[in-house]
Amino acid sequence: MRRLPSISLSPKKSASEETNYKPPIELGIVLIFIVMALIIFGIIMLYSTTANAYGLSLLTKQLMWTIVGIVLATLINIVGYNAIIPFSKYILVLTWCLLVIARFCREVNGAYRWIPLPGGVGNIQPSELAKIAIIMFLAYYIPKNQRKMKKEITAKQIDMNNRKQQYLYKIQHSAFLW
């Protein structure tokens, strides 16, 4: 994938000249610790607010989905997102199909948003998957069609300018001038 040139007004400094430079591996470890701290905090808050009313059922579901999320994130990190991005159009179509299926599932609080999973494991909300699918598709589509999109935008801007000039000309040469 081609990288776009960066725009910088200041002269380039080498990595050794920058005072706050950290290698990417250190930043990744810090990010992992922050995410894990947020996950642990969320699980503790969930337990403290729902333990009396629901027992451990909500906590076990949350832990299950947390583990599923960590496993998926690890797999994507191992495989690399560049291997998944070409399949984003198929993922987007699959997500649209899930959104249609959700419309025919049972109603919850006046909305058709949930698809029940077999075995009573829980429900999934396809709109959450759709957000990720759209981001992945745009990450695939925009770099691939960047030049074509730029030409189309430029052509539309020229067309708009021509229409504006024609409109102003009509107003100036109108019979309704005072």
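Data block above holds the structure.
Residues numbered from 1 in each chain as written. Predicted model: local features only at pLDDT ≥ 70, side-chain atom pairs only at ≥ 80, totals over all residues. Heavy atoms only, no water.

Considering empty space enclosed by the protein
Scanning the model with the defined rule gives one cavity of 30 Å³ or more in all. Of the pockets and cavities examined, the largest cavity occupies roughly 30 Å³. Residue lining of the largest cavity: R106, V108, W114, I115, P116 and N123, and that is the complete set. Here the residues of the lining of the largest cavity sort into four nonpolar, one polar and one charged. (1 Å grid on protein atoms, 1.4 Å probe; cavity = no way out; pocket = protein on both sides within 12 Å on 5 of 7 lines; lining within 4 Å. Points joined across faces, edges and corners; volume = space filled by probe spheres on them. Nonpolar A, V, L, I, M, F, W, Y, C, P; charged D, E, K, R; others polar.)

Points about the layout of surface pockets
Taken as a whole, the largest pocket spans an internal volume of roughly 980 Å³. W65, L72, E128, L129 and I132 are, among the 28 residues lining the largest pocket, the residues nearest its centre. Elements with a contribution of two residues or more to the lining of the largest pocket: α2 (57–79), α3 (81–84), α4 (88–103), β2 (123–124) and α5 (126–144). A per-element tally of the lining of the largest pocket places α2 first, with eight residues. Empty space within the second largest pocket amounts to approximately 360 Å³. Lining the second largest pocket, in full, are L31, I32, V35, M36, I39, G69, I70, A73, T74 and N77. Elements represented by at least two residues in the lining of the second largest pocket include exactly α1 (24–54) and α2. Class assignment for the residues of the lining of the second largest pocket results in seven nonpolar, three polar and no charged. (Helix = DSSP H or I, 4+ residues; strand = E, 2+ residues; numbered from the N terminus.)

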